[in-house]
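Secondary and tertiary structure notes
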Amino acid sequence: MSRARIAVLQFPGLNCERETLRELQRSGVDASIVRWNEGPSRIRDFAGFVIPGGFSYQDRVRAGAIAAKSSVLDTVVREVEGGKPILGICNGAQILVEAGLVPGEEPGRVDVCLARNRIEGWSGYHSRWVFVKAHGDGNFFTGDLTEPLPLVVAHAEGRFVSRDREAWERLRRKGRFVLRYCDSEGRDPRGFPDNPNGSPDDVAGMSGLDGQVLAFMPHPERAAHLWQVPEDLPGVWGERRRRAAGDRSALMGDGPGRVLLRAFARLNRGGST
Amino acid sequence: MAIAVSSMDDRTLEETLRSMGITLTLHEARRVAELLGRDPTETELTLFDTMWSEHCSYKSSRPALKRHLPTEASNVVLGPSEDAGVIHFTEVDGVRWALAIAHESHNHPSQVMPLEGAATGIGGVVRDVYCMGADVIATLDPLRFGDPHGENGERSREIAREVVEGIAVYGNALGVPNLGGDVVFDGCYDDNCLVNVVAIGLVREDRITRSRVPEAARTEPYDFLLVGKPTDWSGMGGAAFASADLDAEALKENLGSVQVPDPFLKRMLVLANQAMLEVAWREKAAIGFKDLGAGGIACVSSELADAGGFGIELDLDEASLAEGDLPAPVAACSETQERFGIACPARLTPQILRIYNEVYELGSMYEGAGARKVGRVVPPKEDEEPRYLLRRGAQVLVDAPISTITEGISYEREARPAVVHFSERALPAQGRDFAADLLDLLASEHLCSRRPLFQHYDSEVKADTVLRPGEADAGVVTPVEGSWAGMAATVDGNHRLCRIDPYLGAAHAVVEAARNVACVGASPAAITDCLNYGNPEVPEVFHAFVEGVRGIGDACRGLGRIEAPDEALPVVSGNVSFYNQNARGKAIAPSPIICCLGVTPDASTCRSLSLKEEGNLLYRLGAFHGELGGSLWAEWVDPQWVGPLPPLDYAAIRRELALVVALVRERKVQAVHDVSEGGNLVALAEMALGRESRGRWGLRVDFSPLWKEDADAPSAAGATDGGTGGGKRALSPEAVAWGEDGGFWLEVRPTDAAELERRAEEAGVWCARLGEVSSGRKMVVEGLPTPVEIDLDGLAARRERGIFELLRRDVS
């Protein structure tokens, strides 16, 4: 059975497509970069999609807003509604919520947006290593996760917010908050910096449709190998990293972000798992 | 229309030039007419104004640079001749990889419009590296701001905030990791901040592109293409502005000189450039590739052609202009950002235009952006000098022998040493509390955590980053796929040392930069220098400049290269920025800033500087002399006190660097940190705190062996006259605690201790075991006149709060 092909979508202004491609390939995924203007038939060829991080269309209007309204995304949305998985990382996540794929309660309706970070004394872009933990199950990407994962966030707008309290509660009950910030031991955060952007309920990743869609703020491609993890992190991953110093094969081993990228490797050519 | 410079009297000429916004002296304007053999057009005067500015011509600095700086070494692929210097990096599967590096200043624009100035500073320096055919893999930004607590404190903090924002806005969106930088606050920068930027790129050695029309243009037709943003008013006169005094009047007038950054368009332009280079490579076609900086279209086209020995003809009507009625001198010379010039074989022109205009649709990102053919290369004829011809339709704007334009101009400046008197009185050190001073220094703007700044930048895009800013003394990336070869980079420059001794201070910057890359196991491979000084027409300033250049050159020769001890550490690129001074005309402290590139074959061995494990031993490595002149602590205690700088013993430093590099690569050390600002006490505190001030361990050390006369100095090796270990003179406890002579602290496993001591002894490097890593969050230093027992959580809180208080950016 041949492997499924995954498209890494390159919108103007995204800037993480190459390392995302690299780490998908190293996860055993057959992936290629597809430009925004290559036409709909090319898009339909693929069994799944990743929208990487960056600054699509210069974050004009709102981060992700322009790409979400582009014609290529219409094609992508139809394919995803037909059951193909899609992962949006950082700006990719912003695009997915702006396109209404997350949470995807009703086709095309935008229920959630990613608002500006809320940090005491600092506004705008903020980059830091944080911990996230999976909650609930039935999600295409996070099924295997048990331990708290250190990952790096790097964004200015990462705070998931919804239109109203009731809508938010509904999403919570439906188990849409599949990845949440935590401390190095997996406990609930006590605000900043464990929760790096003020996201309510510490939401780091939200799922959409039937669980084949994930909008995720941290960058798994920057934590796909153990060597990418900082030595000074608390918790077991930091300990592993320090112990591996100087040991190339241990350092090339899986980092905490690998598991999210590897989900695509389970797909066969038909697009199902 | 010609300007009658040869027949005008002085006063008319002066008025004419100034009304045109031209900064050429009367003598220079007349020289232009002489060279052309006729009166120049307005566009020609504008072009020469740029080409002869200090910024472009190095008219004051060139002789000193040529005389003192070593630029050759066996690892140099391309010395300082083009936009970026290139050195050999590593070889993987038969492919040789190189690093291209450029170092620029954007001081005056950042003082006027800090956000845009800093952003276009990055935008400009990365173009210098991209046009070598390289992909930019890192930027670093050395910054100097005014006293945040002084008279202009509010403005200085505002500038700092905005500059940091500008760096983030541009670098983050471009997708290039920020790998380091430093921030210094001092009153001498109150009216003139320094924003220097370094860009480093990776390129296959066989695919380096040159900024000149290639030889192939003699045998086949070559076109000149302009790609990127449409030409507009922005950045007009920027080079002249960079080369002028910055007074209040000039500030107002020069707002238009600041360029407009567009990292979004640049990102797309970079992708299109890479596709273009790929096509050229596939078609085995040599091209000339150069970025547009100061002097715009006229400058880039004349330099590209002249460097290859060709002539060139251009028609501005073919160029994309943002406004149709742009005056000719503006269209020809404005420094509109995000543009490149390409000389390519005419047969490839349609394919290349398609990449920019259709595949990457630049026109849909920015109105009028894209690629256009605007001229053609003219092969030299036998008995005629190659000409430069710039037209706008039928109107001739510039018509001159091309060498006339590019030849440049130079000045012999007068140099006179400024007299510095050492204070006769001693530093008022009596009765000071070492622990209190340490706490205060680490909370001060000088040493507080830079975390909020580097967390405002993206240090991990490209996913090749091994060590981030603040994690170790140098940032490290592994940019070649499938290889562990690591590129280490750091920037350094200490104005306190240079203020007292411009020669030795500049040399210290080189040594400190080399020490920083050694800390991650990288051998210093090359440096770049950005030389920030005052007005070169002032003899004392010019003398300080020449002394700085001499100091850098001597340090490069003194340190050499670990792999090739007979070679000097090469200077492969650099920049000179003059006219940095305050509103009253007083020059900034001499501020040469050095970037050192280091190379390690195995970045898996790189370690962070934070303490790793309780029970490990702490060693002080490297001799020191105990001079406090120019130290941060001395300035803290008494800003008026002036004393001699620590001397530099290059032979001893060479041995230390080689030993540290070897020990890191052999995994014999768990953490390394060099001793710089704040001396031994600060270095140890930084190791205990780590990048985010949340280190796990404490430490306990005893300083008495370092200074007490009756103590057994551990080794005489490596120390020169009067230094610790020499046993001839006891040092003061203050000098031991706060002196900035360099050296290193190493954390070593007990099982590696004997090996370390043996290796140090063999290498002739002074080394002493002074303590250990302890459990509990306490830093205990014994053997000083007042007890140092510091709660690290409290210290962490103060260190982290410092810069937040200065630069807080509350959500509006």
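Residues numbered from 1 in each chain as written. Chains lettered and ligands numbered in written order. Predicted model: local features only at pLDDT ≥ 70, side-chain atom pairs only at ≥ 80, totals over all residues. Heavy atoms only, no water.

Some points on the overall build of chain A
Just so we agree on the cut-off: Helix and strand definitions follow DSSP, with helices as H or I runs of at least four residues and strands as E runs of at least two, each counted in order from the N terminus. The atom set for the radius of gyration is the C-alpha atoms, and the globule formula is 2.2 Å times the number of residues raised to the power 0.38. Here, residues are in contact when the closest pair of their heavy atoms is within 4.5 Å.
Secondary structure assignment for chain A yields 9 helices and 11 strands. What you see for chain A is a C-alpha radius of gyration of 17 Å, in line with the 19 Å of a compact globule of 273 residues. Considered along the principal axes of its C-alpha atoms, chain A spans approximately 50 × 45 × 35 Å. Contacts in chain A between residues far apart in sequence, at least 24 positions, make up 78% of those at least 6 positions apart.

Comments concerning the overall build of chain B
Where we set the bar: The buried label applies to any residue whose accessible area, calculated with a 1.4 Å probe on protein chains only, is under 20% of its type's maximum; exposed applies above 50%, and partly exposed to all values in between. Surface accessibility in these figures is a Shrake-Rupley result with a 1.4 Å probe; residues are shielded only by whichever protein chains are displayed. Charge counting follows a simple rule: Lys and Arg are positive, Asp and Glu are negative, and His as well as the terminal groups are ignored. The location of each charge is read from NZ of Lys, CZ of Arg, CG of Asp or CD of Glu.
Of the regular secondary structure elements, chain B holds 28 helices and 26 strands. Its C-alpha radius of gyration of 27 Å places chain B within 12% of the 28 Å reference for a compact globule of 812 residues. Dimensions of chain B, computed from C-alpha atoms along their principal axes, come out at roughly 85 × 60 × 55 Å. Per-residue burial for chain B yields a buried fraction of 67% across its 812 residues. Contacts in chain B between residues far apart in sequence, at least 24 positions, make up 83% of those at least 6 positions apart. Within the structure as shown, chain B displays about 27,100 Å² of accessible surface, and the carbon and sulfur contribution to it stands at 48%. Each charge class in chain B can be summarised by its mean position, and for the 79 positive and 123 negative side chains these summaries are 3 Å apart.

Let's talk about helix α8 (residues 153-174) of chain B
Residue pairs three or four apart in sequence face the same way in an α-helix, which turns once every 3.6 residues. Let me state the cut-off plainly: The length a helix should cover is 1.5 Å for every residue beyond the first.
In this model α8 of chain B runs 32 Å from its N-terminal to its C-terminal C-alpha over 22 residues, within 8% of the 32 Å that 1.5 Å per residue would give. One or two positions beyond α8 of chain B, positive phi appears at glycine 175 of chain B, with a value near 85°.

Details of the side chain of asparagine 15 of chain A
The line we're drawing: We call two N or O atoms a polar contact when they sit within 3.5 Å, provided that within protein one can donate a hydrogen and the other can accept it, with sequence-adjacent residues counted only if both atoms are side-chain atoms.
Among the secondary structure elements, asparagine 15 of chain A is positioned in the loop between β1 (5-10) and α1 (17-26). For asparagine 15 of chain A, the side chain forms a polar contact with the main-chain oxygen of asparagine 172 of chain B, separated by 3.1 Å. In terms of polar contacts, asparagine 15 of chain A uses its side chain to reach the backbone carbonyl oxygen of alanine 173 of chain B, at 3.0 Å. Sequence-distant contacts of asparagine 15 of chain A, that is, excluding residues within four places in its chain, are made with Gly53, Gly54 and Phe55 of chain A together with Asn172, Ala173, Leu174, Gly175, Arg267 and Val461 of chain B.

Let's talk about the domain arrangement of chain B
Residues and elements named next belong to chain B. The condition is simple: Start and end points for every domain follow an automatic or database-based domain assignment. Here the buried area means the combined drop in accessible surface, using a 1.4 Å probe, for two parts upon being joined, counting both sides. In what follows, salt bridge is the name for a side-chain nitrogen of Lys or Arg lying within 4 Å of a carboxyl oxygen of Asp or Glu.
Per the domain assignment, the segments making up chain B are domain 1 (1-65), domain 2 (74-406) and domain 3 (607-806). With 18 residues of domain 1 at the contact, the number on the domain 2 side is 25 residues. Here domain 1 packs against domain 2, burying approximately 1,600 Å² in sum over the two surfaces, 72% of which is carbon and sulfur. In terms of surface lost to domain 2, no three residues of domain 1 exceed Thr43, Leu47 and Met51, which account for 35% of the buried area on that side. Joining domain 1 to domain 2, the criterion identifies 0 salt bridges. Inspection of the region where domain 1 meets domain 2 yields 3 residue pairs in polar contact (both at pLDDT 80 or more).

A closer look at the interface of chain B and chain A
Tallying the contact residues gives 55 residues for chain B and 50 residues for chain A. Where chain B abuts chain A, roughly 4,500 Å² becomes buried across the two surfaces, and 46% of that area is made up of carbon and sulfur atoms. Linking chain B to chain A there are 7 salt bridges. Here glutamate 231 of chain A ties to arginine 607 of chain B by a salt bridge, and the two come within 2.7 Å at their closest N and O atoms. On the surface where chain B and chain A come into contact, there are 29 residue pairs in polar contact (both at pLDDT 80 or more). Counting residues per element, the ones that place at least two in the side of chain B that touches chain A are α8, α11 (263-282), α14 (349-359), α18 (451-454), β14 (465-467) and α28 (792-807) of chain B. Looking at the side of chain B that touches chain A, the element that brings in the most residues is α11 of chain B, giving 5 residues.

Description of the pattern of salt bridges
One pass over the structure, following the stated rule, counts 79 salt bridges over all chains. Where arginine 416 of chain B meets glutamate 540 of chain B, a salt bridge forms, and the shortest distance between an N and an O atom there is 2.8 Å. With arginine 416 of chain B in the loop between α16 (402-406) and α17 (434-443) and glutamate 540 of chain B in helix α21 (residues 539-559), this residue pair connects regions lying 124 residues apart in the sequence. Judged by its relative accessible area of 27%, glutamate 540 of chain B is partly exposed. Linked through salt bridges whose partners overlap, the residues forming this network are Arg22, Glu23, Arg26, Asp254, Arg258 and Arg262 of chain A together with Asp464 and Glu481 of chain B.

Describing the nonpolar core
This is how it is decided: As used here, the term nonpolar core means buried Ala, Val, Leu, Ile, Met, Phe, Trp, Tyr and Cys residues forming a set that is joined through side-chain atoms within 4.5 Å.
Phe11 and Phe264 of chain A together with Tyr356, Phe545, Ile552 and Leu746 of chain B are the most contacted members of the largest nonpolar core, which totals 224 residues. In contact with tyrosine 356 of chain B, not counting residues within four places along its chain, are Val227, Leu269, Ala272, Asn273, Met276, Ile342, Glu361, Leu362, Gly370 and Ala371 of chain B. If you look at the next biggest cluster of nonpolar residues, it comprises 53 residues, including Leu292, Ala298, Cys299 and Leu390 of chain B.

Here's the deal with the state of the cysteines
All names here are of chain B. Put simply, the test is: A pair of sulfur atoms, both from cysteines and within 2.5 Å, is called a disulfide here.
Across all of its chains, the model carries 0 disulfides over all chains by this definition. This cysteine, cysteine 530, is not joined by any disulfide, and cysteine 595 carries the nearest cysteine sulfur, 11 Å off. Residue cysteine 530 is classed as buried on the basis of its relative accessible area, which comes to 0%. Here cysteine 595 is not disulfide-linked; the sulfur of cysteine 596 is the nearest cysteine sulfur, at 7.1 Å.

So, the environment of leucine 609 of chain B
Looking at the element boundaries, leucine 609 of chain B is found in the loop between β19 (591-600) and β20 (617-621). Sequence-distant contacts of leucine 609 of chain B, that is, excluding residues within four places in its chain, are made with Gly470, Glu471, Ala472, Asp473, Ala671, Val672, His673, Glu686 and Met687 of chain B.

A closer look at the packing of aromatic side chains
Using the following cut-off: For this analysis, a ring pair means two rings from Phe, Tyr or Trp (six-membered ring only for Trp) whose centres lie within 6.5 Å, classed as stacked if their planes differ by under 30 degrees, edge-to-face if by over 60, and tilted for the remaining angles.
For the coordinates displayed, the defined rule picks out 16 aromatic pairs over all chains. Ring geometry for phenylalanine 140 of chain A against phenylalanine 141 of chain A: centres 4.8 Å apart, planes inclined by 80°, an arrangement best described as edge-to-face. Here phenylalanine 140 of chain A falls in the buried class, since its relative accessible area comes to 11%. Its relative accessible area of 1% is what places phenylalanine 141 of chain A among the buried residues. Taken together, the aromatic side chains of Tyr533, Phe542, Phe545 and Phe578 of chain B make up a single cluster linked through ring pairs.

What about the pairing of strand β2 (residues 85-92) of chain B?
Walk down a regular strand and you will see the side chains alternate between the two sheet faces. All names here are of chain B. To be explicit about the condition: Criterion used throughout: strands pair if DSSP finds at least two bridges between them.
Counting buried positions along β2 gives 6 out of 8 residues, so the element sits mostly inside the fold. Relative to β2, strand β1 (residues 76-78) runs antiparallel, the two sharing 2 bridges. By the bridge assignment, valine 76 is partnered in β2 with isoleucine 87. Hairpin connection, β1 to β2: the antiparallel pair is bridged by 6 residues.

Notes on helix α5 (residues 91-98) of chain A
All names here are of chain A. Burial of α5 is extensive: 8 of the 8 residues sit out of reach of the surface. For α5, the complete set of buried residues consists of Asn91, Gly92, Ala93, Gln94, Ile95, Leu96, Val97 and Glu98. Backbone geometry just after α5 places glycine 100 at a positive phi near 80°.

What to know about unusual backbone geometry
A cis amide bond links valine 102 of chain A to the next residue, proline 103 of chain A, at an omega of 0°. Among the secondary structure elements, proline 103 of chain A is positioned in the loop between α5 and β5 (112-116). Here the phi dihedral of aspartate 201 of chain A falls at roughly 55°; this positive angle occurs in a residue that is not glycine. Even without glycine at this site, lysine 284 of chain B takes up a positive phi of about 55°. The residue lysine 284 of chain B is located in the loop between α11 and β8 (288-291) in this model. Among the residues examined, lysine 284 of chain B registers a relative accessible area of 74% and is labelled exposed.

As for the sheet that holds strand β4 (residues 86-89) of chain A
Residues and elements named next belong to chain A. Using the following cut-off: To get an axis, a line is fitted to the C-alpha atoms, and for a helix only the part in contact is used. The angle between two axes follows their N-to-C directions and goes from 0 to 180 degrees.
The 9 strands lie next to each other as β2-β1-β3-β4-β11-β10-β9-β6-β7, forming an open sheet whose pairing is mixed. The sheet is open, and its two edges are formed by β2 (30-35) and β7 (149-155), each paired on a single side. Shown here is a sheet whose adjacent strand axes are inclined to one another by a mean of 25°, direction ignored. Here 2 bridges tie strand β9 (residues 179-182) to strand β10 (residues 203-208), and the two strands are oriented antiparallel to one another. Of the residues in β10, the one forming a bridge with leucine 179 is glycine 205.

With respect to the sheet that holds strand β15 (residues 475-477) of chain B
Residue and element names in this part refer to chain B. A sheet is described by the order of its strands in space; here 6 strands give the open sequence β14-β15-β16-β19-β17-β18, paired in mixed fashion. The open sheet has two edge strands, β14 and β18 (571-577), and neither has a second partner. Put simply, the sheet's adjacent strands are angled 20° from each other on average, direction ignored. As defined by bridge partners, strand β17 (residues 523-532) adjoins β18 across 6 bridges and the pair is classed as parallel.

Topic: the packing of helix α20 (residues 502-518) of chain B against α21 of chain B
All names here are of chain B. Here is the rule: Each angle is binned into one of four classes, with values under 35 degrees roughly parallel, values over 145 roughly antiparallel, values of 65 to 115 roughly perpendicular, and all other values oblique. Helix crossings are classified by the rotation of the near helix relative to the far one: an anticlockwise turn of less than a right angle makes the crossing left-handed, while a clockwise turn makes it right-handed.
Relative to each other, α20 and α21 sit at 40°, their axes nearing to 7 Å. Put simply, α20 runs oblique to α21. In the packing of α20 onto α21, the handedness of the crossing is right-handed. When α20 is examined against α21, the residues Pro502, Tyr503, Ala506, Ala507, Val510, Val511 and Ala514 are found in contact with a partner set consisting of Ala544, Glu547, Gly548, Arg550, Gly551, Ile552, Asp554, Ala555, Cys556 and Leu559.

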